[in-house]
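Okay, here's what each chain looks like letter by letter:
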Amino acid sequence: DAKTTQPNSMESNEEEPVHLPCNHSTISGTDYIHWYRQLPSQGPEYVIHGLTSNVNNRMASLAIAEDRKSSTLILHRATLRDAAVYYCILRGHSGGGADGLTFGKGTHLIIQP
Amino acid sequence: EPEVTQTPSHQVTQMGQEVILRCVPISNHLYFYWYRQILGQKVEFLVSFYNNEISEKSEIFDDQFSVERPDGSNFTLKIRSTKLEDSAMYFCASSESVRGNYEQYFGPGTRLTVT
């Protein structure tokens, strides 16, 4: 899987929007951009994914740059429960032999009350 | 909402003992995974499993590890002779498909402590 780069940590205030960036300059044309998060003492949790167009779901929005070399996960109104490590992961479309996810260090999101 | 479950939540064992970690994937999923996370470190892929055989494994998944789907619901990870460095959180995950536009669903994990 192609490599992603994320800031180590970010801090935001409760009830404000949060924009979490991810760079993936070596992304291939068929790679999907996935975001997972890991709340303290829990397993990773799927957040959202996209290919080219921006995506919205009940948890977040994903904005994908036109050249697909970067993306931004947007939490529209952060709550204390959104404090977690957020991982940006690329997934090839074909899947091959059921390859596992490659987690980096992610971004540790701190929410201040 | 369907979820992946894992038992036990915490397992303490002595070095050299065998342990079996259990997972019940989401019922209509076909692909199953084990990951581990040593305290303070990244989540690491161990193995994937499909159609009753290993699809892919990482360098971590050596001969001490094995996986099995003994019945229609459980998916297990066995460590034959545990070492101190096997102490970690072990997460099971499942997915409908391996295609890039499908997500994996993770269980809450089993904390393995080897003494």
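My aim in this report is to walk through the structure given alongside it, one point at a time. (Residues numbered from 1 in each chain as written. Chains lettered and ligands numbered in written order. Predicted model: local features only at pLDDT ≥ 70, side-chain atom pairs only at ≥ 80, totals over all residues. Heavy atoms only, no water.)

## So, the packing of aromatic side chains
For the structure shown, the criterion picks out 14 aromatic pairs over all chains. Note on Phe103(A) and Tyr35(B): the rings are 5.9 Å apart at their centroids and 90 degrees apart in plane angle, and the pair reads as edge-to-face. A residue pair is termed interchain when its members come from two chains, as with Phe103(A) in the loop between β8 (84-92) and β9 (107-112) and Tyr35(B) in strand β4 (residues 31-37). Judged by relative accessible area, which is 0%, Tyr35(B) ranks as buried. Summarising the aromatic geometry, the rings of Phe49(B) and Phe75(B) are spaced 5.3 Å apart at their centres and angled 40 degrees between planes, so their arrangement reads as tilted. Of this pair, Phe49(B) sits in strand β5 (residues 43-50) while Phe75(B) sits in strand β8 (residues 75-79); the two residues are 26 residues apart in sequence, bridging distant segments of the chain. Across this residue pair, the class does not change: Phe49(B) and Phe75(B) are buried. Three or more aromatic residues joined by ring pairs make a cluster, and in this case those are Tyr36(A), Tyr46(A), Tyr87(A), Phe103(A), Tyr33(B), Tyr35(B), Phe45(B) and Phe106(B). (Phe/Tyr/Trp six-rings, centres within 6.5 Å; stacked < 30°, edge-to-face > 60°. Helix = DSSP H or I, 4+ residues; strand = E, 2+ residues; numbered from the N terminus. Buried < 20%, exposed > 50% of the residue type's maximum accessible area, 1.4 Å probe, protein only.)

## Overview of the pairing of strand β6 (residues 53-57) of chain B
Remember that side chains alternate between the two faces of the sheet whenever the strand is regular. Residues and elements named next belong to chain B. Inspection of the sheet shows β5 paired to β6 by four bridges, in the antiparallel sense. Bridging across to β6, Phe49 finds its partner in Ile54. Between β5 and β6, which follow one another and run antiparallel, lie two residues, and Asn51 among them has a positive phi close to 55 degrees. (Pairing = 2+ DSSP bridges.)

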